[in-house]
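# Residue-level structural notes
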Amino acid sequence: MGKPRLAVWKFASCDGCQLSLLDCEDELLAVAGAVEIAYFAEASSNLQPGPYDVSLVEGSITTAHDAERIKEIRRQSGAVITIGACATAGGIQALRNFADVEEFTRAVYATPAFISTLDRSTPISDHIQVDFELRGCPINKYQLLEVINAFLNKRRPNIRAHSVCVECKQRGTVCVTVARGEPCLGPVTHAGCGALCPSYNRGCFGCYGPKELPNTESLAAWARAELGATDRDIKRLYHNFNTWTEPFRSEGNRNG
Amino acid sequence: MEKALILTLAADRLDQLFHELQGRGYECVGPTLRDDAIVYDHIESSADLPRGWTDEQAPGHYRVKRRDDDAYFGYVVGPHSWKKYLFPPERRLWQLKRAGQKFDRTDTPAEPPRYAFIGVRACEIAALKIQDRVFTGGQFTEPKYAAAREQAFVVAVNCTQAASTCFCVSMKTGPEAQDGYDLSLTEVLTPEHSFVIRVGSDHGREVLAALQTAAATPAHEQAARAGIENASQQARKLETAGLKELLQRNFESEQWDDIAKRCLSCANCTMACPTCFCSSVEDTTDLTGEHAERWQRWDSCFNPDFSYIHGGEVRKTTASRYRQWMTHKLSTWFDQFGSSGCVGCGRCISWCPVGIDLTEEARKMRESEGTCHEGS
């Protein structure tokens with residue numbers, strides 16, 4: 001039996017999540033040893049045809065062409081794993097979903113007539129069945145290795161859906177909200193980054209999207225009443241990399 | 001019976017205590033100022049202590065402030081607790097390496113750390129005793145906890161002030177450490193800046209013998225008593241009479257839903273709590289399939305999957321998770337471990353990012369029942 005065949009696909013995205021795979025450095029040889037990297041345009045021009053055992057999909061669906069392309073990838077793939085906020089939530093570009101995309105194209109492009117785009121940026125799971133969604137903007141390379149690993153060893157990935165707060169407390173980081181009055185999305189955000197921003201005395205930006213049972217309304221109410229945040233501040237916190245997830249979208253909309 | 005000897009150590013001789021403990025092979029850990037808070041960390045000498053600092057606490061609020069004196073221990077408890085040393089947030093339990101048809105297992109070395117805890121408050125000693133019962137008091141003993149606990153040298157510091165979040169008096173755990181320490185210190189600023197010291201163990205007696213102490217005068221003892229009395233003045237109270245039964249009568253109270261509107265289910269309260277002891281165990285593999293490891297990590301009854309059993313999670317809602325935590329802490333803990341699980345340190349109140357106050361929720365639960373009875 002040959003090695004499992006891995007493909008990496010790009011949709012509307014910045015490439016940062018794919019780069020996490022190349023960024024694995026120390027572990028990259030082990031990855032290459034464990035799987036056949038059959039299709040990874042960012043890493044190699046040697047692009048092998050399908051089918052593939054595992055497809056990693058980066059990016060959101062923003063064009064009619066891509067909406068078809070993802071269906072073909074689904075057909076060619078055993079498991080589809082989306083990586084990053086774009087693929088799992090529509091990404092920062094989903095801010096267009098609240099606005100007039102034609103107005104944007106007129107403002108940005110010299111010849112808007114050349115631009116063919118959908119009026120919404122949507123996650124991959126809106127279009128096809130997804131086997132696992134790995135969160136983050138960008139993803140954490142150790143979590144990516146863990147997911148690949150789990151699929152290869154046919155076990156459940158150790159990816160916990162609890163809050164970023166748990167990671168802060170596990171590493172001994174002092175709560176930036178309680179000790180400094182910084183608004184922080186940690187209590188409503190899915191863990192995975194290792195609580196990076198609070199360890200640098202910054203509030204969490206919510207890169208990993210909503211955690212399980214996110215009480216966005218209570219957190220917003222506290223930020224408004226006790227931390228001096230304005231409605232606009234709160235809206236900007238929630239309408240960010242994971243703006244199109246239902247909890248963050250609704251909470252942002254409730255605030256201004 | 002001979003009166004227990006009470007000695008004093010001048011504040012400028014505090015480093016003698018560090019040197020003596022270090023000379024006996026202890027790693028000193030204790031309060032130090034970092035990231036706008038007084039945390040527990042490795043400390044080398046009295047210079048690492050937050051001298052001249054204090055804390056201001058309220059629900060969801062903690063700030064460090066300058067004091068107008070040079071007290072070494074003029075604050076109460078902060079975001080950390082000693083459990084991180086005895087029951088670390090994460091640790092590898094063992095690893096396996098494939099060897100043909102078998103696996104070779106390597107356990108994480110069992111050499112226990114040898115900590116001297118500097119500045120353990122009375123409520124924290126109560127918490128240590130609770131975790132002792134949890135980890136070593138039952139049918140099974142947690143060997144790594146037991147070994148580290150056995151080695152630990154406890155330097156208690158009696159509180160001479162209370163934060164607004166403190167309620168050790170209600171829980172009968174403080175503010176003065178009664179036992180469970182090797183040495184106990186009460187910092188006094190009059191008649192001169194010094195520590196009034198009591199001995200709690202033979203180890204403590206040996207260490208103290210090596211320090212340049214003097215007999216405490218009535219003025220020292222009076223100053224120490226006044227400080228502890230000051231710390232006893234606590235506005236926050238938790239009415240404990242009948243609390244166990246109150247919570248068990250109110251599993252279906254609407255108040256759990258009211259709390260759930262505010263509760264973030266973020267687990268901060270359980271992580272900050274010095275008695276919460278839950279952990280999860282995760283097995284990992286590597287890409288080659290040649291290695292596997294087992295890790296233990298702090299977990300929480302507020303986390304998804306915590307109550308996962310075949311068929312799904314038992315507690316799917318925030319209301320059910322908060323009810324589980326509070327009812328366990330204040331009620332069913334008695335059945336399980338013979339005491340309350342709460343020591344009145346107030347960490348869950350200060351470090352809740354939306355300021356949910358356990359004592360206030362208990363009070364409201366009691367009130368709601370009163371209203372209910374009057375109405376019926």
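Since the model is a prediction, treat every value here as computed from it, not as a measurement.

## Describing the overall build of chain A
Check the secondary structure of chain A and you find twelve helices and five strands. In summary, chain A has a C-alpha radius of gyration of 19 Å against a globular reference of 18 Å for 256 residues, a match within 12%. Expressed as lengths along the three principal axes of its C-alpha atoms, the size of chain A is roughly 60 × 50 × 30 Å. Per-residue burial for chain A yields a buried fraction of 54% across its 256 residues. Expressed as a percentage of contacts within chain A between residues at least 6 apart in sequence, the contacts between residues at least 24 apart total 71%. Within the structure as shown, chain A displays about 11400 Å² of accessible surface, and the carbon and sulfur contribution to it stands at 53%. Across chain A, the 27 positively charged side chains and the 29 negatively charged ones have centroids separated by 3 Å.

## Some thoughts on the domain arrangement of chain B
Residues and elements named next belong to chain B. Each assigned domain of chain B is listed here: domain 1 (6–232) and domain 2 (243–375). Centre-to-centre, using C-alpha coordinates, domain 1 lies 26 Å away from domain 2. Counting from both sides, the interface comprises 42 residues of domain 1 and, opposite them, 40 residues of domain 2. A combined buried area of about 3500 Å² lies between domain 1 and domain 2, and 59% of that area is made up of carbon and sulfur atoms. The tally of links from domain 1 across to domain 2 stands at 31 residue pairs in polar contact (both at pLDDT 80 or more). Contributions of two or more residues to the side of domain 1 that touches domain 2 are made by β4 (53–58), β5 (61–66), α2 (83–86), β6 (90–99), α3 (122–136) and α5 (168–171). Tallied by class, residues from the side of domain 1 that touches domain 2 come to 22 nonpolar, ten polar and ten charged.

## Quick word on the environment of Q248 of chain B
Residues and elements named next belong to chain B. Topologically, Q248 is positioned in helix α8 (residues 243–249). Between the alpha carbons of Q248 and S265 there is a distance of 21 Å; along the sequence they are 17 residues apart. Among residues more than four places away in sequence, those in contact with Q248 are S331, T332 and D335.

## Topic: the interface of chain A and chain B
Many descriptions give the size of an interface as the accessible area lost when the pieces come together. Taken together, the contact pairs 37 residues of chain A with 49 residues of chain B. Where chain A abuts chain B, roughly 3400 Å² becomes buried across the two surfaces, and 53% of that area is made up of carbon and sulfur atoms. Residue R160 of chain A pairs with E282 of chain B through a salt bridge whose shortest N-O separation is 4.0 Å. Connecting chain A to chain B are 25 residue pairs in polar contact (both at pLDDT 80 or more). Only α2 (28–34), α6 (141–152), α7 (164–171), α8 (176–180) and α10 (216–226) of chain A provide two or more residues apiece to the side of chain A that touches chain B.

## A few points about the state of the cysteines
Within the structure shown, the criterion is met by zero disulfides over all chains. Of all cysteine sulfurs, the one in C137 of chain A lies closest to C207 of chain A, which takes part in no disulfide; the gap is 5.7 Å. Summary of cysteine pairing: C278 of chain B is not part of a disulfide, and the nearest cysteine sulfur, belonging to C301 of chain B, is at 6.2 Å. For C278 of chain B, a relative accessible area of 26% corresponds to the partly exposed category.

## Details of the pattern of salt bridges
All names here are of chain B. One pass over the full model with this rule turns up 39 salt bridges over all chains. Two residues, E206 and R24, come together in a salt bridge whose shortest N-O distance is 3.2 Å. Here E206 is found in helix α6 (residues 202–209), whereas its partner R24 is found in the loop between α1 (14–23) and β2 (27–34), with 182 residues between them in sequence. E90 is the partner of R297 in a salt bridge, and the nearest nitrogen-oxygen pair spans 2.9 Å. Of the two residues, R297 is situated in strand β14 (residues 291–298) and E90 in strand β6; the sequence distance between them amounts to 207 residues.

## Here's the deal with a nonpolar patch on the surface
On the surface, V108, Y109, F114 and I115 of chain A cluster together to form a nonpolar patch covering roughly 450 Å² of accessible area. Tracing the backbone through its elements, the reader meets Y109 of chain A in the loop between α5 (101–108) and β5 (132–134).

## Regarding the domain arrangement of chain A
All names here are of chain A. By domain assignment, chain A separates into domain 1 (5–152) and domain 2 (164–254). Averaged C-alpha coordinates put domain 1 and domain 2 at centres separated by 25 Å. Taken together, the 19 residues of domain 1 in the interface contact 17 residues of domain 2. Of all residues in domain 1, F98, R135 and C137 bury the most surface against domain 2, accounting for 40% of the area lost on that side. Run the count over domain 1 and domain 2 and you get zero salt bridges. Viewed at the interface, domain 2 and domain 1 are joined by six residue pairs in polar contact (both at pLDDT 80 or more). The residue makeup of the side of domain 1 that touches domain 2, split by class, is ten nonpolar, seven polar and two charged.

## Some words on the side chain of T186 of chain B
Considering the arrangement of structural elements, one finds T186 of chain B in strand β10 (residues 183–188). There is a polar contact of 2.9 Å between the side chain of T186 of chain B and the side chain of N158 of chain B.

## Concerning unusual backbone geometry
The omega torsion across G50 of chain A and P51 of chain A is 0°, close enough to zero to call that bond cis. Considering the arrangement of structural elements, one finds P51 of chain A in the loop between β2 (36–40) and β3 (52–58). Residue P138 of chain A follows C137 of chain A across a cis peptide bond; omega there is 0°. Mapped onto the fold, P138 of chain A is located in the loop between β5 and α6. Positive phi outside glycine occurs at L213 of chain A, with the angle close to 50°. By the element assignment, L213 of chain A lies in the loop between α9 (196–199) and α10. For L213 of chain A, a relative accessible area of 29% gives the class partly exposed. Backbone geometry at S265 of chain B places phi at a positive 50°, although glycine is not the residue there. Tracing the backbone through its elements, the reader meets S265 of chain B in the loop between α9 (255–262) and α10 (268–272).

## Some thoughts on the packing of α3 of chain B against helix α4 (residues 143–151) of chain B
Residue and element names in this part refer to chain B. In contact at an axis separation of 9 Å, α3 and α4 are set at 140° when each is read in the N-to-C sense. On the basis of their axis angle, the class for α3 and α4 is oblique. Of the two elements, α3 crosses α4, and the hand of that crossing is left-handed. In this structure, α3 contributes L128, K129, Q131, D132, F135 and T136 to the contact, and α4 contributes Y145, A146 and R149. Of the residues assigned to the contact of α3 with α4, the class counts are four nonpolar, two polar and three charged.

## As for the nonpolar core
Formed by 84 residues in total, the largest nonpolar core has its most connected members in F117, Y322, W325, M326 and L358 of chain B. The next biggest cluster of nonpolar side chains, apart from the first, holds 37 residues, and it includes C175 of chain A together with I43, V64 and L185 of chain B.

So, how was this worked out
Residues numbered from 1 in each chain as written. Chains lettered and ligands numbered in written order. Predicted model: local features only at pLDDT ≥ 70, side-chain atom pairs only at ≥ 80, totals over all residues. Heavy atoms only, no water. Helix = DSSP H or I, 4+ residues; strand = E, 2+ residues; numbered from the N terminus. Rg over C-alpha atoms; globule rule 2.2 N^0.38 Å. Buried < 20%, exposed > 50% of the residue type's maximum accessible area, 1.4 Å probe, protein only. Contact = heavy atoms within 4.5 Å. Areas by Shrake-Rupley, 256 points an atom, 1.4 Å probe, with all protein chains shown as cover. Lys, Arg positive; Asp, Glu negative; His and termini not counted. Charge placed at Lys NZ, Arg CZ, Asp CG, Glu CD. Domains from an automatic or database assignment. Buried area = accessible area lost by both parts, 1.4 Å probe. Polar contact = N/O pair within 3.5 Å; in protein donor to acceptor, adjacent residues only side chain to side chain. Nonpolar A, V, L, I, M, F, W, Y, C, P; charged D, E, K, R; others polar. Salt bridge = Lys/Arg side-chain N within 4 Å of Asp/Glu carboxyl O. Disulfide = S-S within 2.5 Å. Patch = residues over 30% accessible without salt bridge, like charges linked within 9 Å, V, L, I, M, F, W, Y side chains within 5 Å. Axes fitted to C-alpha atoms, helices over the stretch in contact; angles between N-to-C directions. Parallel < 35°, antiparallel > 145°, perpendicular 65-115°, else oblique. Left-handed = near helix turned anticlockwise from the far one by under 90°. Core = buried A, V, L, I, M, F, W, Y, C linked by side-chain atoms within 4.5 Å.

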